[in-house]
Amino acid sequence: MTKKQGNKSTVSFVNLSTYNSPKIVETNNKEWVEFGEDNDYFQFLIDRANGSATSGACITGISQMIYGKGLDATDSARKPDQYARMISLFKKEEVRRLAYDLKLTGQCAIQVIYSKDKKTIEKVEHLPVETLRAEKCSADDKEVQAYYYHPDWVNIKPSDQPLRLPAFGVSDTPKPIEILYVKPYEAGMYYYSTPDYISGISFSEIEEEVANFHVNNVQNSFAPAALINFNNGVPDEPTQTLIENKIVSKFQGTSSAGKLIIAFNDSKESQADITPVQISDAHSTYEFISGEAQSKIMMSHRIVSPMLLGIKDNSGFGNNAEELKNASILMQNIVINPFQEILIDAFDRILAVNEVALKLYFKTLQPLQFIDLDNVK
């Protein structure tokens, strides 16, 4: 938009924000380490998963494949007592939640509760990872010594006192409750980790914004923007703001805000002009953007075949049962197994305290029951 003032015109440019990696901030007056700008990176990831249909489907589908049909052990028949103790310790719902957090945020947290004599672990619970922040380490610390708990870090008040929970296994004497923070190794990341699909987050935002754009168009009945000119002089800024607010509140609702452009001019001859920028073949443009965003999101999640997640796609795997079976095996080996190994390593550490040694594995969840129909009588 160009505004004319006498023989002069002023032109404003809007720079679109670019994606940045999450900031990890150590503040002198705080004992914990902040994660992301305004300490809200976990909430940012949650919002992107909720806002992007493709990314949300990938996260849900992969987390379900990580859990599969549940935790089991290959030597359960030889060690029935130990197996029973393992099953009672790791509840199905708790393991499902851990698998989801690990995929969504790249990390998860296990609350370990000891018995009264502190000789065995009595209970294991999932703790939402977004409620934890790592304690700052000193130069002598080889690992994080504790984590601070608060239910809402974004809206934390200066008077709030987050609960300090010791990290699992860092002290010679176990504490009643400890936190086992589970995350893969990542270069340059000490306190936290990032999700494996971090390269596709910007495309999740694109998909979300395209959806919001179309929703806004539908809510406004595809009405174009309107220009209102006041040609009786330019008032001071407070008066301009007051007039703008009154017009917006009278003619618009919050769902259609931003559809009016208000200009104040000395006279009609100096009124504002708007030169619309037309997008040729807009339908094809938005279709391309949506398709490209979906493709890049699935690539960042390393989806071998969209059909494995219930997403119909005419390209790649999925044309027949044999290709889908091969895609399932490939997906299991290169994507799912690494997540499962991270969880199993953490579970083994917990079981070792109770002197339980089992060969754990997750029972595989197959998208289809691959049956050789020719041999079925």
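Residues numbered from 1 in each chain as written. Predicted model: local features only at pLDDT ≥ 70, side-chain atom pairs only at ≥ 80, totals over all residues. Heavy atoms only, no water.

J.: Could you clarify how one ought to interpret the overall build of the chain in this entry?
T.: The secondary structure content of the chain amounts to eight helices and 14 strands. Counting across all 377 residues of the chain, residues that qualify as buried make up 37%. The contacts in the chain between residues at least 6 apart in sequence include a share of 67% that link residues at least 24 apart. Summed over all atoms, the accessible surface of the chain reaches about 22,400 Å², with 52% contributed by carbon and sulfur. (Helix = DSSP H or I, 4+ residues; strand = E, 2+ residues; numbered from the N terminus. Buried < 20%, exposed > 50% of the residue type's maximum accessible area, 1.4 Å probe, protein only. Contact = heavy atoms within 4.5 Å. Areas by Shrake-Rupley, 256 points an atom, 1.4 Å probe, with all protein chains shown as cover.)

J.: How should I be thinking about the sheet that holds strand β11 (residues 177–182) in this particular structure?
T.: Within a sheet, each strand pairs with its neighbour through backbone hydrogen bonds, oriented either parallel or antiparallel. The sheet built from three strands is open, its strands ordered β7-β6-β11 with antiparallel pairing. Of all strands in the sheet, those with a lone pairing partner are β7 (121–127) and β11, marking the two edges. Each adjacent strand pair in this sheet contributes to an overall mean axis angle of 25 degrees, direction not counted. Looking at chain direction, strand β6 (residues 108–114) and β11 are connected through six bridges and run antiparallel. Residue pairing in the sheet places C108 in a bridge with V182 of β11. Packed onto the sheet, helix α4 (residues 92–105) meets β6, β7 and β11 and runs at close to 45 degrees relative to β7. (Pairing = 2+ DSSP bridges. Axes fitted to C-alpha atoms, helices over the stretch in contact; angles between N-to-C directions.)

J.: Would you mind going over the side chain of E94 with me for this structure?
T.: Residue placement: E94 occurs in helix α4. From its side chain, E94 meets the backbone nitrogen of H126 in a polar contact 2.6 Å long. (Polar contact = N/O pair within 3.5 Å; in protein donor to acceptor, adjacent residues only side chain to side chain.)

J.: Can you help me understand the sheet that holds strand β9 (residues 146–149) in this one?
T.: If you trace the three strands from one edge of the open sheet to the other, you get β8-β9-β10, paired in antiparallel fashion. With one partner strand each, in any of the chains shown, β8 (132–134) and β10 (163–166) form the two edges of the open sheet. Each neighbouring strand pair of the sheet contributes to a mean axis angle of 35 degrees, computed without reference to strand direction. Both β9 and β10 contribute to a ladder of four bridges, which runs antiparallel.

J.: Got a minute to help me understand the pattern of salt bridges in this structure?
T.: Proximity of charged atoms lets side chains of opposite charge pair with each other. By the definition in use, this model includes 11 salt bridges. Residue K79 pairs with D75 through a salt bridge whose shortest N-O separation is 3.7 Å. Of the residues examined, D75 reaches a relative accessible area of 4% and is grouped as buried. The closest approach of N and O atoms between E135 and R164, which form a salt bridge, is 2.8 Å. (Salt bridge = Lys/Arg side-chain N within 4 Å of Asp/Glu carboxyl O.)

J.: When you look at the nonpolar core in this model, what are you seeing that I'm missing?
T.: Side chains that are nonpolar tend, in soluble globular proteins, to be buried together. The biggest cluster of nonpolar side chains holds 45 residues, and the ones touching the most others in it are F90, I110, M331, L343, F347, I350 and L360. When residues of this core are assigned to their parent elements, the largest contribution, 12 residues, is made by helix α8 (residues 321–353). Setting aside residues up to four positions removed in sequence, L360 forms contacts with L71, D72, A73, M86, I344, F347, D348 and L351. Residues F35, F44, Y191 and Y192 belong to the second largest nonpolar core, which totals 26 residues. (Core = buried A, V, L, I, M, F, W, Y, C linked by side-chain atoms within 4.5 Å.)

J.: Got a minute to help me understand the packing of aromatic side chains in this structure?
T.: Each aromatic ring pair is specified by the distance between its two centres and by the angle formed by the two planes. For the coordinates displayed, the defined rule picks out 11 aromatic pairs. On the basis of an interplanar angle of 85 degrees and a centroid distance of 6.3 Å, the ring pair of F42 and Y192 is categorised as edge-to-face. With a gap of 150 residues between them, F42 in helix α1 (residues 41–51) and Y192 in the loop between β11 and α5 (201–219) connect regions that are remote in the sequence. No difference in accessibility class separates F42 from Y192, as the two residues are buried. In textbook terms, an aromatic cluster arises when at least three aromatic residues are bridged by ring pairs, as seen for F35, Y41, F42, F44, Y190, Y191 and Y192. (Phe/Tyr/Trp six-rings, centres within 6.5 Å; stacked < 30°, edge-to-face > 60°.)

J.: Could you clarify how one ought to interpret α1 in this entry?
T.: One turn of the α-helix equals 3.6 residues, which is why residues spaced by three or four share an orientation. Among the residues of α1, those classed as buried are Y41, F42, F44, L45, R48 and A49. Looking down the long axis of α1, one finds its buried residues gathered within 160 degrees of arc, a one-sided arrangement. (Arc of directions from axis to C-beta.)

J.: What should I look at first to understand the side chain of Q240 in this one?
T.: Here Q240 is to be found in helix α6 (residues 237–251). What makes Q240 buried here is its relative accessible area of 19%. Polar contacts involving the side chain of Q240 include one to the main-chain carbonyl oxygen of P235, which spans 2.8 Å. Every residue in contact with Q240, bar those within four places of it in the chain, is listed here: V234, P235 and F264.

J.: In this structure, what is going on with unusual backbone geometry? I would like to understand it.
T.: Of all residues except glycine, most have a negative phi; of all peptide bonds, most are trans. One non-glycine residue with positive phi stands out, namely N39, at about 60 degrees. Structurally, N39 can be placed in the loop between β4 (33–35) and α1. For N39, a relative accessible area of 4% translates into the label buried.

J.: Mind showing me how you'd approach the confidence of the model for the chain here?
T.: When the pLDDT values of the chain are averaged, the result is 83; 79% of them are 70 or greater. Within the model, the stretch residues 1–18 combines pLDDT values under 50 with 18 contacts to residues more than four positions away or in other chains. (pLDDT = per-residue confidence, 0-100.)

J.: Where do I start with the packing of helix α2 (residues 53–67) against α4 in this structure?
T.: Two numbers describe how α2 lies on α4: the axes approach to 9 Å, and their chain directions differ by 135 degrees. Accordingly, the angle class assigned to the pair α2 and α4 is oblique. Here α2 and α4 pass one another in a crossing that is right-handed. Two secondary-structure elements touch here, α2 through I59, T60, I62, S63, I66 and Y67 and α4 through K92, V95, R96, A99, Y100, K103 and L104. (Parallel < 35°, antiparallel > 145°, perpendicular 65-115°, else oblique. Left-handed = near helix turned anticlockwise from the far one by under 90°.)

J.: Sorry, what's going on with the packing of α4 against α8 here?
T.: Interhelical geometry of α4 versus α8 gives an angle of 125 degrees and a closest axis separation of 11 Å. The angle between α4 and α8 places the two elements in the oblique class. Along this stretch, α4 crosses α8, giving a crossing that reads as right-handed. Residues V95, L98, A99, L102 and K103 of α4 form the contact with α8, whose participating residues are F339, I342, L343 and F347. Among the residues forming the contact of α4 with α8, the class breakdown is eight nonpolar, no polar and one charged. (Nonpolar A, V, L, I, M, F, W, Y, C, P; charged D, E, K, R; others polar.)

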